Amino acid sequence: MAQARISAKASEGAQQQQQQQQQQSGGQLRGRFYRSTSMADRSSRLLENLDQLELRVEAFRDAASAMEQEKEILLEMIHNIQNSQDMRHISEGEREELNLTANRLMGRTLTVEVSVETIRNAQQQESLLHATKMIDEIVNKLLDDLEDAKMRLMSLYGACTSDVPAGPIDQKFQSVVIGCAIEDQKKIKRRLETLLRNLENSEKSITLLEHQKSSVRQSCNSKQD
């Protein structure tokens, strides 16, 4: 009887131990499952935060790029005022005072440093250098033949715009620009726009000056008659 009771106790203990092991095993499985779910939720939240930050980063770059353009526009406007025909037709004292103000504004504008770096691969870098060189070659010959330089710049600009160009397109320049990064394409187009705008203002100044000279000559001839 004693031996039977001992065997029964041993059997009962073995069953209890087996049940405990099963409970522990189930708890571990449940623990793993809960941890897995928690990690997935955490990963999803982090990814959502990064997506929101990416939108803010792009908006930040766009704002900085807009400030770059605004700086260029301000400097161009100040320069145009200093070299306008109106500045030539005021008294020396007034011109000196206005130039001092213009220089002060230009100096304050130049104190603002804004730089948006463009990420480029090797091919895009090479294309940018090639496009810049093609524009510089024309700019360096502006004084030699203003009209020819203007026509060539217009053909380069036509290669950068999606609108129907008014004149011929430089196909070689177009293939070079296509190889540039998107941000560089926009900057190249803006540079050409600025150059053409300055050329147009120069032509107007020259035309006005020639007209004034002609009027003076006619007035002198009339007095002589």
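The rules we used
- Residues numbered from 1 in each chain as written.
- Predicted model: local features only at pLDDT ≥ 70, side-chain atom pairs only at ≥ 80, totals over all residues.
- Heavy atoms only, no water.
- Helix = DSSP H or I, 4+ residues; strand = E, 2+ residues; numbered from the N terminus.
- Contact = heavy atoms within 4.5 Å.
- Areas by Shrake-Rupley, 256 points an atom, 1.4 Å probe, with all protein chains shown as cover.
- UniProt positions renumbered as here; feature names shortened; annotations may be inferred.
- pLDDT = per-residue confidence, 0-100.
- Salt bridge = Lys/Arg side-chain N within 4 Å of Asp/Glu carboxyl O.
- Buried < 20%, exposed > 50% of the residue type's maximum accessible area, 1.4 Å probe, protein only.
- Axes fitted to C-alpha atoms, helices over the stretch in contact; angles between N-to-C directions.
- Left-handed = near helix turned anticlockwise from the far one by under 90°.
- Nonpolar A, V, L, I, M, F, W, Y, C, P; charged D, E, K, R; others polar.
- Disulfide = S-S within 2.5 Å.
- Expected span 1.5 Å × (residues − 1).
- Patch = residues over 30% accessible without salt bridge, like charges linked within 9 Å, V, L, I, M, F, W, Y side chains within 5 Å.
- Lys, Arg positive; Asp, Glu negative; His and termini not counted.
- Charge placed at Lys NZ, Arg CZ, Asp CG, Glu CD.
- Polar contact = N/O pair within 3.5 Å; in protein donor to acceptor, adjacent residues only side chain to side chain.
- Core = buried A, V, L, I, M, F, W, Y, C linked by side-chain atoms within 4.5 Å.

J.: Please clarify how the overall build of the protein chain should be interpreted in this entry.
T.: Helix and strand content of the protein chain: seven helices and zero strands. Along the protein chain, from the amino end to the carboxyl end, the secondary structure elements read α-α-α-α-α-α-α. For the protein chain, long-range pairs separated by at least 24 residues make up 73% of all intrachain contacts whose partners lie at least 6 apart in sequence. In the form shown here, the protein chain has an accessible surface area of approximately 17200 Å², with 54% of it arising from carbon and sulfur atoms.

J.: Would you take a moment to explain the UniProt feature "coiled-coil region" (unreviewed entry) in the protein chain for this structure?
T.: UniProt records the feature "coiled-coil region" (unreviewed entry) at residues 43-70 and 182-212, using the numbering of this structure. Within residues 43-70, the helical portion is 100% and the strand portion 0%, while the C-alpha atoms at the span's ends are 40 Å from each other.

J.: Looking at this structure, I do not really get the confidence of the model for the protein chain. What am I missing?
T.: In low-pLDDT regions, the fine details of the predicted coordinates are not to be read closely. Residues at a pLDDT of 70 or more form 72% of the protein chain, whose mean pLDDT is 80. Low pLDDT, under 50, characterises residues 27-31; the stretch is placed with zero contacts to residues that sit more than four places away or in other chains. Contacts for the low-pLDDT stretch residues 208-220, under 50 throughout, to residues beyond four places or in other chains number three contacts.

J.: Got a minute to help me understand the pattern of salt bridges in this structure?
T.: When their charged atoms lie close together, side chains carrying opposite charge are able to pair. Throughout the structure, instances matching the rule amount to six salt bridges. The partner of Arg 95 in a salt bridge is Glu 92, with the nearest N and O atoms 2.5 Å apart. Of this pair, Arg 95 and Glu 92 are both found in helix 3 (residues 92-110), three residues apart, which corresponds to roughly one turn of the helix. Using a relative accessible area of 22% as the deciding quantity, one classes Arg 95 as partly exposed. Classification of Glu 92 by relative accessible area gives exposed; the value is 54%.

J.: In this structure, what is going on with the packing of helix 4 (residues 122-139) against helix 6 (residues 171-178)? I would like to understand it.
T.: Packed helices, taken two at a time, are described by the angle their axes make and the gap between the axes. Direction vectors running N to C along helix 4 and helix 6 enclose 145°, while the axes themselves pass 8 Å from each other. Regarding helix 4 and helix 6, the two cross each other, and that crossing is left-handed. Taken together, the residues of helix 6 that come into contact with helix 4 (itself represented by Ser 127, His 130, Ala 131, Met 134 and Ile 135) are Lys 172, Phe 173 and Val 176. Classifying every residue of the contact of helix 4 with helix 6 gives five nonpolar, two polar and one charged.

J.: Sorry if this is basic, but what is going on with the state of the cysteines here?
T.: Within the structure shown, the criterion is met by zero disulfides. Considering cysteine sulfurs only, Cys 180 is the nearest to Cys 160, which forms no disulfide, with 8.8 Å between them.

J.: What is the right way to look at the side chain of Arg 190 in this model?
T.: Residue placement: Arg 190 occurs in helix 7 (residues 182-224). The contacts of Arg 190, once residues within four sequence positions are left out, are Gln 69 and Glu 72.

J.: What is the right way to read helix 5 (residues 146-158) from this model?
T.: Along an α-helix, residues three or four apart share an orientation, since each turn contains 3.6 residues. Across its 13 residues, helix 5 extends 18 Å between first and last C-alpha, which sits within 8% of the 18 Å expected from 1.5 Å per residue. Residues Ala 149, Lys 150, Leu 153, Ser 155, Leu 156 and Gly 158 constitute the buried set of helix 5.

J.: How do you make sense of the environment of Ala 102 when you look at a structure like this?
T.: With respect to the element layout, Ala 102 can be found in helix 3. The sequence separation of Ala 102 and Ile 81 amounts to 21 residues, and the corresponding C-alpha distance is 8.1 Å.

J.: Teacher, can you tell me more about a negative patch on the surface here?
T.: Side chains of Glu 48, Asp 51, Glu 54, Glu 58 and Asp 62 sit close together on the surface and give a patch of like negative charge. In this fold, Glu 58 is placed in helix 1 (residues 2-82). Residue classification places Glu 58 among the partly exposed residues on the basis of a relative accessible area of 42%.

J.: Help me out: how do you make sense of the environment of Asp 170 in this one?
T.: Take Asp 170: it is sitting in the loop between helix 5 and helix 6. Sequence-distant contacts of Asp 170, defined by excluding residues within four places in its chain, comprise Met 134, Ser 155, Leu 156 and Ala 159. There is a polar contact of 3.2 Å between the side chain of Asp 170 and the backbone nitrogen of Lys 172. Of the polar contacts made by the side chain of Asp 170, one reaches the backbone nitrogen of Phe 173; its length is 2.9 Å.

J.: Help me understand the nonpolar core, please; the structure alone is not making it clear to me.
T.: For soluble globular proteins, nonpolar side chains are generally found buried alongside one another. Counting 20 residues, the largest nonpolar core has Ile 135, Leu 153, Leu 156, Cys 160, Phe 173, Ile 188 and Leu 192 as the members making the most contacts within it. Looking at this core, the elements with two or more residues in it are helix 4, helix 5, helix 6 and helix 7. Filtering out sequence-adjacent residues up to four positions away, Leu 156 remains in contact with Ile 135, Ile 138, Asp 170, Phe 173 and Leu 192.

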